[in-house]
Each structure stands twice: as structure tokens, then as C-alpha cells.
Amino acid sequence: MKIIEMDVKKLLSAFLCDAINSFAFSIKTNALKDPNQPLVEFGRKVLAVEFNTALVLSIFLPKVAKLLRVTPFPADAIQYFKQLTEKLVAERREENSKQSLSQFLSHTKPIETKRKDFLQIMIDANKDTAEEEELITDHNTSDGVFERADDRQNASNPTAGRQTLSTVEMTAQCMLFFIAGFDTTGSAISHTLYYLSKYPEIQQKLYEELRDVTDFSADTLAALPYLNAVIQESVRLRPPILRVERVCNEDITLHNIHIPEGTICTVATYALHRDSRYWSDARTFRPERFVGSKPAHPYALMPFGAGPRVCLGMRFALIEIRLCLAKLVPRFRFTLCENTVVCILL
């Protein structure tokens, strides 16, 4: 047996960079073999944000940051993503126009050949309401691990209040998808591999479930009970986001506590996930708690947020995590080494 010591987070970063580039822009990159590709290089720049005055202002005083025209991200990286988005949007619209014209002239039945990526979804969102209604897909999905019924409270009228997106907004959304989905998903997979290394008996049990899997489709992986239990327990103990913030949009009183409009409400996800009122033996990694049972409270587990503003990339992140583990665990045995560094939190 060959033993290799490696920086798992670094390798995962390359995989996630390629996955997000493919999903967001339909652009193929190879971050591991060619880290100097423009999209990879500028993506790395965006992610290499340092804790400085610009970052503090952007988070805590966004209006002041806008007034002073400061941003936590490098200007050349933002400009690159803006130009890339503009170029891709123009190309997509031209492709779609040519396809529609060709089908009209030939009197053929329309064939769906548009790329199915995040950018195309936003381009389609700029169509009028009648066209949008044809693009809406069923909210029901086999991937219901973190989905709750009240998360779909607006599903009956999904086009209500929808507005068109400018190119700047598309650029911002693509960058946000890249930033929010990169490090968080990498951390989730890294922590899961850490726990599997720390508890070899759990790794063995997961291996036994995955070793005979040949169908790696999203639906198949979403139906594997122990794989999903391991992921849920990992993001419970080590949630990718330590807290979730929302702004109260109207005055409300909850449990005799008055919350004025405009108040920033914070949910301490990390503390919630370790609260002994909802979790027995809360600080122990025990995936079995999720096999055939649900949390004591529907909102006791919310690594991706909850409600109608649940994380936009939740399902994509889960697909990445499941696929990565399903490919790695049957082929490798993970163990801790003397150079393993773990951030110790209570």
C-alpha cells in the first residue's frame, strides 16, 4: 500500500474551481494542471481576500464603502469577470437568435440546444413573464435532504415581482456564486474527510456503501442513506457558514420580543448545531443520528440557511460533496498525519 501525504484542501480547490467554472460559464478548465489559465488565476485573486479596511467597510458599512468606492476584491479581477460575462452574454444571445431563426425558416420543431448553466439561467430570466413560465421547473426533487415544505412558500407564484437583470448584476451573481460556492464547499469536504480519518470505523461503513456504486447520477447519490448521514453530521459539527444574517423587513413581535423593521437578525449556526436541547451527545461525530430519523426541530440544522432565502447553490454544493466522496472513499483510505492542522473550536 502506497502512502501519500497531501494537502487535501489544495487538491479539492482545483476540483471545485473546475466544477464551478463549468456550471457557471460552461467553460472547461484544469486548475490542477494549468493554474495559470485566466479564469483560474482571476478566480484565485477574488478568493484571496485579506482582512483589511475595505473588507470591514463592505461588510459592516456597505453604504459608506459604496460612497468611498472601495471594494474588498481586486479591481482587475472584477473587470475580468465583467468583460467575460458581457462577452458570454453577447455570444449566447447571438447563438439563441440564430437557432430560433433557423428553426423558423425550416419549419422544424424547436430543439433545446441552449447550454444549461448558471449564466444561461440568468439570461432566460430576462425574458418576459410568458416565456419565463415555460422555463419554470417543478420544485419537487429527490434531493430533499435539507429541503423543508415552508421553503417553497412562494412556489405557487414564482414569477411574482421578478425583474430583469443587468449585465453588472449578472457579473455580480456569477462572482457571488464563485465566491460563496468555492471555499465553503471545499471546507465541507475537507472536514468530512477529517472526520472519516479520525473515525476509521465510520470510514469503513461508508466504504461498504459506496464500493459497489456504479451510477453516480445526482438522484442515485441523493438516495444513499449513510453517505448523506455522514455529510449531514459533518456540516452539523463544522458548518461552512458560522452564522446567518437576515434583515427584518417589517415590525414584528416574536415571543414577546419586539423586532423593529431594519434590524439585522443573526442566527449563530455553529452554536445551534451543538445545542444540547436539540442534539443528544451534541459534540460527538455520530452520523447514525441522521439514518432513518430527522432533527428534533426542523430548523435545528441549517448549514445552508433556511426559508425562501436558503442558499442558492445548496443543491449544487451537495452534488459536488456527494460525488467527490463517492469517487474518493472507495479508492483511498484516509488517515491523519503529523502535519494535520485542525482549527479547534468549542
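Fair warning: this is a prediction, and the values are worked out from it, not measured in the lab. (Residues numbered from 1 in each chain as written. Predicted model: local features only at pLDDT ≥ 70, side-chain atom pairs only at ≥ 80, totals over all residues. Heavy atoms only, no water.)

Draft legend 1. The arrangement of the packing of helix α6 (residues 118–125) against helix α8 (residues 167–198) in detail. At a closest axis distance of 11 Å, the pairing of α6 and α8 adopts a crossing angle of 150°. Here α8 runs roughly antiparallel to α6, going by the angle between their axes. The two elements α6 and α8 meet at a crossing, and its hand is right-handed. Contact residues: α6 offers Phe118, Leu119, Met122 and Ile123, while α8 offers Met170, Gln173, Cys174 and Phe177. (Axes fitted to C-alpha atoms, helices over the stretch in contact; angles between N-to-C directions. Helix = DSSP H or I, 4+ residues; strand = E, 2+ residues; numbered from the N terminus. Parallel < 35°, antiparallel > 145°, perpendicular 65-115°, else oblique. Left-handed = near helix turned anticlockwise from the far one by under 90°. Contact = heavy atoms within 4.5 Å.)

Draft legend 2. Structural view of the pattern of salt bridges. Evaluation of the coordinates by the stated rule reveals seven salt bridges. With a closest N to O distance of 2.7 Å, Glu233 and Arg236 form a salt bridge. Taken together, the residues Glu233 and Arg236, both in helix α11 (residues 225–237) and three residues apart, mark about one turn of the helix. Of the two residues, Glu233 and Arg236, both sit in the buried class. Note that Arg243 is salt-bridged to Glu245, the shortest N-O span being 3.3 Å. Overall, Glu245 belongs to the partly exposed group, its relative accessible area being 37%. Residues joined by salt bridges that share partners form a network here, namely Glu233, Arg236 and Arg289. (Salt bridge = Lys/Arg side-chain N within 4 Å of Asp/Glu carboxyl O. Buried < 20%, exposed > 50% of the residue type's maximum accessible area, 1.4 Å probe, protein only.)

Draft legend 3. Inspection of a nonpolar patch on the surface at higher detail. Where nonpolar side chains cluster on the molecular surface, the patch consists of Leu61, Val64, Leu67, Leu68 and Val70 and spans about 450 Å² of accessible area. The topology assignment puts Leu68 in helix α4 (residues 62–68). When its relative accessible area of 51% is taken as the criterion, Leu68 is described as exposed. (Patch = residues over 30% accessible without salt bridge, like charges linked within 9 Å, V, L, I, M, F, W, Y side chains within 5 Å. Areas by Shrake-Rupley, 256 points an atom, 1.4 Å probe, with all protein chains shown as cover.)

Draft legend 4. Local environment of α6. By the criterion of burial, α6 is predominantly enclosed, with seven of the eight residues buried. Buried within α6 we find Phe118, Leu119, Gln120, Met122, Ile123, Asp124 and Ala125.

Draft legend 5. Highlighting the UniProt feature "binding site: heme" (unreviewed entry) in the protein. When the UniProt feature table is mapped to this numbering, "binding site: heme" (unreviewed entry) covers Cys311. Along the chain, Cys311 turns up in the loop between α12 (269–272) and α13 (314–328). For Cys311, a relative accessible area of 35% corresponds to the partly exposed category. (UniProt positions renumbered as here; feature names shortened; annotations may be inferred.)

Draft legend 6. Spatial organisation of the nonpolar core. Grouped together as the largest cluster of nonpolar side chains are 58 residues, with contacts concentrated most on Phe25, Leu119, Leu206 and Leu210. Of all the secondary structure elements, the ones that give two or more residues to this core are α1 (8–25), α2 (38–47), α5 (75–106), α6, α8, α9 (200–210), α11 and α13. When residues in this core are grouped by element, the largest group, twelve residues, is from α8. In contact with Leu119, other than residues within four places in its own chain, are Ala24, Phe25, Thr85, Leu88, Val89, Arg92, Met170 and Cys174. Membership of the second largest hydrophobic core comes to six residues, among which are Trp279, Ala282, Ala300 and Leu301. (Core = buried A, V, L, I, M, F, W, Y, C linked by side-chain atoms within 4.5 Å.)

Draft legend 7. Representation of the side chain of Ser190 within the structure. With respect to the helices and strands, Ser190 occurs in helix α8. We classify Ser190 as buried; its relative accessible area is 19%. Sequence-distant contacts of Ser190, defined by excluding residues within four places in its chain, comprise Lys9 and Leu12.

Draft legend 8. Structural detail: the environment of Ala271. Along the polypeptide, Ala271 turns up in helix α12. A sequence separation of 34 residues divides Ala271 from Leu237, and the C-alpha atoms of the two residues are 9.3 Å apart.

Draft legend 9. Up close: unusual backbone geometry. Phi is positive for Ser26, which is not a glycine, with a value near 60°. Inspection of the secondary structure assignment puts Ser26 in the loop between α1 and α2. Backbone geometry at His255 places phi at a positive 50°, although glycine is not the residue there. Position of His255 among the secondary structure elements: in the loop between β2 (252–254) and β3 (257–259). In this structure His255 comes out as exposed when scored by relative accessible area, which is 77%.

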